Amino acid sequence: ILPSGFTSNRIIRTSILFEHNVDGFLSIKKLHFLINLKCSGGLIDIHVEPALKVINLLPCQLQCQLGEIGCSVRDGSRKTTQTEVLSLNAGKEGKCLSVDCGLSPHIAVRLPGYKWSYWKKIVNRSNSHTWRPTEEEEGALFEAFQDSAQYATEFKSIVHFDHKTSGGDPIDLVMSIEMGHSPILKFYAQYWILDKTGIGLNFTGGFSDLLATTPETLRKSHLLPAEANDRSLKLDMESEGHEWSLGINGMTLFFSRDEKIALSVKSHTGEKSQWTSLIDVSNAMPETVKTAISIDQYHGTRRFELAYNITLCSSVFSRTRQITFFPRYQIVNLLGLESLFIAQEGALDSEICIPPQSFIHFHWEQSSLAPKVRLCSESGSWSRGCIQLDKIGVTAMRIPSSTGSKPMVVQAEVRLATKRQDSAVIVTIWASIERSNPLYLLKNSSRHMIYCRQKL
């Protein structure tokens, strides 16, 4: 480890034999690492680095198998031999010492609920025949449209995973290699999808037919009953972050080579909708910007009103974009003890109850009708006026009582939601108090007495 000069930098690739017990038997294992000698002014700094590193930039657990290309003793054929197994939690880094960089190292990975991927060659130097990809691997190379200059020099390829259950949704991830003497492998998803609609959504990155009815790939934000009861998934459901890989509780991972997405509704009640047109999700947007999107029911009259937002994930996950889907309308009942019923004007037989101090997400029952709603109390009739949800502002309305008591007067405000609220539009309803903060103030500056009343 002597330095080569008074001021020098020297890297030595070496290995040692390591003895350890495996099931009570003594085994010898070769460990590979790098020694970096930095000499400055006669002072020597010695840095010992592993042969390569693996970083898990996924929100779920990642299992890795490292292997080398060796010759078979029987027939002399070349095959991949496993040398090391790692298990990494979200955001963690693993150091690999059991792989020889001169034997064309490979890696295979697995996510919760999925089978092991095929062996992927670790491409570290494009001008070296040892590290060059095959022609088949060239087809799996990935070039991100909006990749920043910081990661532009990294070698990226797509890793495909098949679901454990038959008919389960496959998934693609990105493996990025930061080239160097000790290469760094990073696994990340192109998109995280967070579904806050509560109705169950399907996602695809393209269609295989001109009518846009047959998706090329399919991802779901909910787990089907057949998958939930499958015994092969029970153990994986105990691992960290399995909801993201399996698509549970509104969380899923997504990949689209064209950076586009289309969605449809498939709720647990059996409701289906048509597919939307492909949406460009290549650019992130401010958190306050929420884009509205409408989805019509398949062979029905309902219309699902949603909104979405695209942001960059924080911290070490910043190369991944998060797509969050919200309900477009959220109706909030701030009445103290009174429940309200709300329905679209023209479809009053499809009312929805809003308990006091609670809220609901609202979708249109008849897509051909105007975007207006009416209110009704538990002991009253439908309101005289309407709330138009596509116009921002405050209004008041009178809810008649069917028992002959004094009618209820409520105020409603339609406003845009803040970035912390899980919707695009908030409709707040509260009781009108005559002597404090009236909605309208009438002032008579004339010499005559004027009588006013509400037109019923």
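Calculation criteria
Residues numbered from 1 in each chain as written. Predicted model: local features only at pLDDT ≥ 70, side-chain atom pairs only at ≥ 80, totals over all residues. Heavy atoms only, no water. Helix = DSSP H or I, 4+ residues; strand = E, 2+ residues; numbered from the N terminus. Buried < 20%, exposed > 50% of the residue type's maximum accessible area, 1.4 Å probe, protein only. 1 Å grid on protein atoms, 1.4 Å probe; cavity = no way out; pocket = protein on both sides within 12 Å on 5 of 7 lines; lining within 4 Å. Points joined across faces, edges and corners; volume = space filled by probe spheres on them. Nonpolar A, V, L, I, M, F, W, Y, C, P; charged D, E, K, R; others polar. Core = buried A, V, L, I, M, F, W, Y, C linked by side-chain atoms within 4.5 Å. Contact = heavy atoms within 4.5 Å. Pairing = 2+ DSSP bridges. Salt bridge = Lys/Arg side-chain N within 4 Å of Asp/Glu carboxyl O. Patch = residues over 30% accessible without salt bridge, like charges linked within 9 Å, V, L, I, M, F, W, Y side chains within 5 Å. Areas by Shrake-Rupley, 256 points an atom, 1.4 Å probe, with all protein chains shown as cover. Axes fitted to C-alpha atoms, helices over the stretch in contact; angles between N-to-C directions. Phe/Tyr/Trp six-rings, centres within 6.5 Å; stacked < 30°, edge-to-face > 60°.

Quick notes on the overall build of the protein
Line of reasoning, step 1. The number of helices and strands found in the protein is three helices and 30 strands.
Line of reasoning, step 2. By the burial criterion, 45% of the 456 residues in the protein qualify as buried.

Topic: empty space enclosed by the protein
Line of reasoning, step 1. Applying the stated rule across the entire model yields two cavities of 30 Å³ or more.
Line of reasoning, step 2. Space inside the second largest cavity adds up to approximately 40 Å³.
Line of reasoning, step 3. In terms of lining residues, the second largest cavity is bounded by Tyr114, His163, Asp169, Lys220, His222, Glu227 and Leu246.
Line of reasoning, step 4. In terms of residue class, the lining of the second largest cavity is built from two nonpolar, two polar and three charged.

So, unusual backbone geometry
Line of reasoning, step 1. Of note in the backbone geometry, Asn249 takes a positive phi value of approximately 55° without being a glycine.
Line of reasoning, step 2. Within the element layout of this structure, Asn249 appears in the loop between helix H3 (242–246) and strand S16 (251–254).
Line of reasoning, step 3. Its identity is not glycine, yet Glu259 carries a phi of approximately 55°, on the positive side.
Line of reasoning, step 4. Among the secondary structure elements, Glu259 is positioned in the loop between S16 and strand S17 (260–265).
Line of reasoning, step 5. Exposure remark for Glu259: the relative accessible area of 1% places this residue in the buried category.

Comments concerning the nonpolar core
The tendency in soluble globular proteins is for nonpolar side chains to be buried as a group.
Line of reasoning, step 1. The biggest cluster of nonpolar side chains holds 43 residues, and the ones touching the most others in it are Val54, Ile107, Leu111, Leu185 and Phe187.
Line of reasoning, step 2. Top element by residues in this core is strand S11 (residues 171–178). It accounts for five residues.
Line of reasoning, step 3. In contact with Phe187, other than residues within four places in its own chain, are Val54, Ile55, Asn56, Leu57, Leu58, Leu62, Ile107, Val109, Val159, Val174 and Met175.
Line of reasoning, step 4. In this structure, Ile331, Leu340, Ile342 and Met397 belong to the second largest nonpolar core, which totals 23 residues.

Some remarks on the sheet that holds strand S24 (residues 352–354)
Line of reasoning, step 1. Pairing within the open sheet is antiparallel, and its four strands lie in the order S24-S23-S26-S27. Each having just a single partner strand, S24 and strand S27 (387–388) make up the two edges of the open sheet.
Line of reasoning, step 2. As defined by bridge partners, strand S23 (residues 340–344) adjoins strand S26 (residues 372–377) across five bridges and the pair is classed as antiparallel. In the strand pairing of S26, Leu340 is matched with Ser377.

A short note on the pattern of salt bridges
Line of reasoning, step 1. The full count for this structure, using the stated rule, is 12 salt bridges.
Line of reasoning, step 2. Between Glu259 and Arg321 there is a salt bridge, with its nearest N and O atoms 3.0 Å apart. Linking Glu259 in the loop between S16 and S17 with Arg321 in strand S21 (residues 321–327), this pair joins segments that are 62 residues apart in sequence. For the pair shown, Glu259 and Arg321 are each scored as buried.
Line of reasoning, step 3. Taking the shortest distance from any N to any O, the salt bridge between Asp296 and Arg303 comes out at 2.7 Å.
Line of reasoning, step 4. Residue Asp296 is classed as partly exposed on the basis of its relative accessible area of 29%.
Line of reasoning, step 5. Overall, the relative accessible area of 24% leaves Arg303 in the partly exposed class.
Line of reasoning, step 6. In the salt-bridge network here, residues are joined through shared partners; they are Glu154, Glu178, Lys186 and Arg319.

Considerations on the side chain of Ser377
Line of reasoning, step 1. Checked against the element boundaries, Ser377 lands in strand S26.
Line of reasoning, step 2. Once you skip the residues sitting within four places of it in the chain, Ser377 turns out to touch Glu338, Ser339, Leu340, Phe341, Ile399 and Met408.

So, the pairing of S26
Residues in a regular strand point their side chains to alternate faces of the sheet.
Line of reasoning, step 1. Extensive coverage of S26 is indicated by the burial of five of its six residues.
Line of reasoning, step 2. Where S26 and S27 come together, two bridges link them in antiparallel fashion. Residue pairing for S27: Lys372 is matched across the bridge by Gln388.

Thoughts on a nonpolar patch on the surface
Line of reasoning, step 1. Judged by side-chain polarity, Ile44, Ile46 and Val48 come together as a nonpolar surface patch covering roughly 270 Å² of accessible area.
Line of reasoning, step 2. Residue placement: Val48 occurs in strand S3 (residues 43–50).

Structural notes on the sheet that holds S21
Line of reasoning, step 1. In space, the five strands of this open sheet follow the order S16-S13-S21-S20-S19, with mixed pairing throughout. Looking at the sheet topology across the chains shown, the edges are occupied by S16 and strand S19 (291–296). Here the average twist between neighbouring strands, direction ignored, is 25°.
Line of reasoning, step 2. Where S19 and strand S20 (residues 303–312) come together, six bridges link them in antiparallel fashion. Looking at the pairing, Ile295 lines up with Phe304 of S20.

Looking at the packing of aromatic side chains
Line of reasoning, step 1. Applying the stated criterion to the full structure yields eight aromatic pairs.
Line of reasoning, step 2. A centroid spacing of 5.4 Å and a plane angle of 45° characterise the contact between Trp192 and Trp244, whose relative ring orientation is tilted. Of this pair, Trp192 sits in strand S13 (residues 191–195) while Trp244 sits in helix H3, placing them 52 residues apart in sequence. Of the two residues, Trp192 and Trp244, neither departs from the other in class, the shared state being buried.
Line of reasoning, step 3. Plain terms: the ring middles of Tyr329 and Trp364 are 5.7 Å apart, the flat faces sit at 65° to each other, and that makes the pair edge-to-face. With Tyr329 in strand S22 (residues 329–333) and Trp364 in the loop between strand S25 (358–362) and S26, the pair connects residues that are 35 residues apart, well separated along the chain.
Line of reasoning, step 4. With relative accessibility at 5%, the residue Trp364 sits in the buried group.

Interpretation in functional terms is not warranted from these geometric data alone.
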